Amino acid sequence: MGYLEEMLVRNGVIYRTSDGNSSYIEGSLVSNSLVVRNSSGWVTHRIERATNGVDLVVRNVTTGLVETRVRI
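So, a few notes on the structure that sits alongside this text. (Residues numbered from 1 in each chain as written. Predicted model: local features only at pLDDT ≥ 70, side-chain atom pairs only at ≥ 80, totals over all residues. Heavy atoms only, no water.)

The next thing to look at is the environment of Val 43. Following the sequence through the fold, Val 43 ends up in strand 3 (residues 43–49). Using a relative accessible area of 28% as the deciding quantity, one classes Val 43 as partly exposed. Here the alpha-carbon distance between Val 43 and Thr 62, two residues 19 residues apart in the chain, equals 9.3 Å. Among all residues touching Val 43, those that are not within four sequence positions of it are Val 35, Val 36, Arg 37 and Val 61. (Helix = DSSP H or I, 4+ residues; strand = E, 2+ residues; numbered from the N terminus. Buried < 20%, exposed > 50% of the residue type's maximum accessible area, 1.4 Å probe, protein only. Contact = heavy atoms within 4.5 Å.)

As for its position among the elements, Arg 71 is in the segment after strand 5 (66–70). Residues Arg 71 and Leu 56 lie 15 residues apart in sequence; the distance between their C-alpha atoms is 6.5 Å. In this view, Arg 71 contacts Tyr 3 and Asp 55; residues no more than four positions away in its chain are not counted.

Our next topic: the sheet that holds strand 4 (residues 56–60). The strand order across the open sheet formed by 5 strands is 1-2-3-4-5, and the pairing between neighbours is antiparallel. Because the sheet does not close on itself, it has two edges, and the strands there are strand 1 (24–27) and strand 5. On average, each strand axis in the sheet is inclined to that of its neighbour by 25°, with strand direction left out of account. Relative to strand 3, strand 2 (residues 34–37) is paired through 4 bridges, and the arrangement is antiparallel. Among the inter-strand pairings, Val 35 is bridged to a residue of strand 3, identified as Arg 46. Where helix 1 (residues 3–10) meets the sheet, its contacts fall on strand 1, strand 2, strand 3, strand 4 and strand 5, and the angle it forms with strand 5 comes to roughly 140°. (Pairing = 2+ DSSP bridges. Axes fitted to C-alpha atoms, helices over the stretch in contact; angles between N-to-C directions.)

Here's what the structure looks like:
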């Protein structure tokens, strides 16, 4: 598991359950970003570059709010 995925699991954005359901990170062709999809395939979060150009922000798709920031 990579650093980004591990951090998102710790913050509750990506989840893993014992019955095999999980969410996952995927590249987005529509926008220049990564997306988090739930076990049904729906996009729940978008991972984008922050305005400072260095950090990443995880934005909730339904609310549009930034939920967490990832220092890289």
